[in-house]
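Survey of secondary and tertiary structure
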Amino acid sequence: MPAPLTRRPETKSFSIEDLLDRVRRGEVRIPEFQRPLRWTAEDVRDLLDSVYRGYPIGTLLFWRREAPAANVSFGPVRIDAPSTSQGLWAVDGQQRVTALAGVLLHPSYGDEAGRDDFHLYFDLETEELHAPPESGAPPPHWLPMNEVLDSESLLHWLNRYPGREAHPEHLRAAIRLGKAIREYQVPAYVVDTADEKVLRIIFKRLNTAGRPLTDEEVFNALYVGSRSLSLESVTEGLKELGFGSIPESLLLRAVLAVRGLDFTRGYQEQLNQDDELTETVRRTDRALRDAIVFLKRDAFIPHFKLLPAPENSLVLLTRFFQLHPEPSPRSRELLSRWFWRHIVFGGWELKPPEALQVFAAIRSDEERSIQALLTQVPPPLIRWWMETGMPVIPHTSMRPPLVLRIAMLSLQPRDLLTGGVLEPGEVLAEGEGFQRLLPLEGDLRWAIASPQGHRALVRVTERPFNFLFHPRIPGGLVARLMDAQSPPSQEVLQSHGITPDAMDALRRGDPMRFLQLRQAVLEPVLRQFMEARTRWDDSDRPSLQSMIIDDDED
């Protein structure tokens, strides 16, 4: 059996500037048992591009032990390394360290014969990385990447740049690049042990049997450090609310939002090595709980599976409830309208700039925040849910569409076997909840007349009104509906939008008529539900109390 570690690995976060300074001083080494370099020029470019854009690049694993004097190579970079008692041997991460050092510490971009996979230029116009041109000199606005790491070297290059007067935006792009590269934080584990065999085992398990650390696991190790208050423990605790499982990746976005940071980007380039986020995680937990209670009680979203684009909607609601944990009843009503109006416009699918615009509107003033949020979602030109014949519901590929699923739940559907009201959270916890009524057996296609008089073949089983909210039951839903011995009561059928006439059509073997009659019931339900949730015809004024001017303020 391999010996256990006598000291727990140290979790650190190296800035690239610090890491490569250690490379230059000869502290960073490559163990003999490491595999040879296998990265291509494209791999090298992708790594530097990820660093510039703030994407995670994985976790390094260093073995801290004595290192003798030696000539050390990192691609084209040669280091005459002195002996040190604090050597950092790259057990996992050799390719990444070599790529960073080879590009940013490259000794020369001078002659064409010496070009290699570590020659990279940054285009100041497109902000993209390029290998050298196949022939001739690179364009003048291509910044050599070996000028970027050292700020003095970068400024010297910019002083000589012929386009500095005509293109001041190029200078700003170069400064942003230098800052992004130098300050990028690389998470790492540092292991202290005298037993090389242990390191070989760790290396083997990391690269064969193991799996890489997730972004969330690295965050826990670097910024929380407590298993009792990790991202995993918070998501487990949130399950008690009956809202389903919140992914740790989403919780991490919420932590950034609560911290006031850009939740659309990765955390590594936004957090400092010494940041302590334990209290931020606690505040995120409390705000998330308040947001979930709001969704269930005020916005009629009973489960995470029915929440549109949670990476935006839930994260932004968490930010709101972190700043305003006890909003007034009027604020909760207006917040629900705002939430549903976003569903009408785009199902909460927001591009990063759009999400950040919403984020910026959530300030410390509760009433002003809500008014600013409502202003961002004006009334639609056409209320599609009020149109005759109910055109295709936009912003969804789900069957049935999300808004129709939630509207169906407003009928409080009942169990076909027991007659009891179904609890959405319990049903959705076990599966999707919405089952096809008419099964996919055969190729049921029916001619549908279009408004222009044309006829088209449509698969009946894919129509949105061919779904019913119910747990799976033996024999299928149709068999239960048509059970002659103990059919569901009329009250139970009505809770699913099924009329006696619709049942007669189903028994006669006319599924198309059945779906038409069910659609005739559910379309008004959807219309009324959407009108009640969005309330564009009602005043969005703030609470009366907020408009009262205190005499002391005169």
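Presented here is a report on the structure given in the accompanying data block. (Residues numbered from 1 in each chain as written. Predicted model: local features only at pLDDT ≥ 70, side-chain atom pairs only at ≥ 80, totals over all residues. Heavy atoms only, no water.)

1. Here we look at the pattern of salt bridges
With the rule as written, the count across this model stands at 30 salt bridges. When the shortest N-O distance is used, the salt bridge between E27 and R22 registers 3.3 Å. Summarising the burial analysis for this pair, E27 and R22 share the class buried. In this structure, R53 engages D49 in a salt bridge whose closest nitrogen and oxygen atoms are separated by 2.9 Å. On the criterion of helical spacing, the pair formed by R53 and D49 is a turn pair, its members being four residues apart in helix α2 (residues 41-53). (Salt bridge = Lys/Arg side-chain N within 4 Å of Asp/Glu carboxyl O. Buried < 20%, exposed > 50% of the residue type's maximum accessible area, 1.4 Å probe, protein only. Helix = DSSP H or I, 4+ residues; strand = E, 2+ residues; numbered from the N terminus.)

2. Here we look at the packing of aromatic side chains
Inspection of every chain in the model, using the stated rule, returns 14 aromatic pairs. Centroid distance F14 to F62: 5.7 Å. Interplanar angle 85 degrees. Geometry classified as edge-to-face. Here the residue F14 occupies a position in strand β1 (residues 10-15), and F62 occupies one in strand β3 (residues 60-67), the gap between them amounting to 48 residues. Residue F14 is classed as buried on the basis of its relative accessible area of 1%. Ring geometry for F263 versus F359: centroids 5.8 Å apart, planes at 55 degrees, classification tilted. Note that F263 is positioned in the loop between α9 (248-258) and α10 (278-297) and F359 in helix α13 (residues 352-361), a separation of 96 residues in sequence. (Phe/Tyr/Trp six-rings, centres within 6.5 Å; stacked < 30°, edge-to-face > 60°.)

3. Re the sheet that holds strand β8 (residues 128-130)
Strands sit in the order β8-β7-β9 across an open sheet of three strands; the sheet is antiparallel. The open sheet has two free edges, formed respectively by β8 and β9 (142-144), since each of these has just one partner strand. Across this sheet, the average inter-strand angle for adjacent strands is 35 degrees, counted without regard to direction. Sheet topology places strand β7 (residues 121-123) next to β9; three bridges connect them, and they run antiparallel. Pairing of Y121 across the sheet is with P144, part of β9. (Pairing = 2+ DSSP bridges. Axes fitted to C-alpha atoms, helices over the stretch in contact; angles between N-to-C directions.)

4. Points about the sheet that holds strand β6 (residues 84-92)
Read across the open sheet, the five strands follow the order β1-β10-β3-β6-β2; overall the sheet is mixed. Every interior strand has two partners, whereas the edge strands, β1 and β2 (28-29), have only one. Here helix α3 (residues 94-104) sits on the sheet in contact with β2, β3 and β6, set at roughly 110 degrees to β6. (Contact = heavy atoms within 4.5 Å.)

5. Focus on the side chain of R182
Examined against the element boundaries, R182 turns out to sit in helix α5 (residues 168-183). Here R182 occupies a buried position and makes no salt bridge, while the nearest side chain of opposite charge, E17, is found at 4.6 Å. Setting aside chain neighbours within four positions, we find R182 in contact with S15, I16, E17, V148, L149, S151 and L154. (Lys, Arg positive; Asp, Glu negative; His and termini not counted.)

6. A word on α13
Of all the residues in α13, the buried ones are A355, V358, F359 and A361. Projected down its long axis, α13 shows its buried positions confined to an angular sector of 160 degrees, all on one face. Residues P353 and Q357 are exposed on α13 and point more than 90 degrees away from its buried face. On its buried face, α13 is in contact with α9, α11 (310-323), α12 (329-346) and α14 (366-375). (Arc of directions from axis to C-beta.)

The analysis is restricted to geometry; functional conclusions fall outside its scope.
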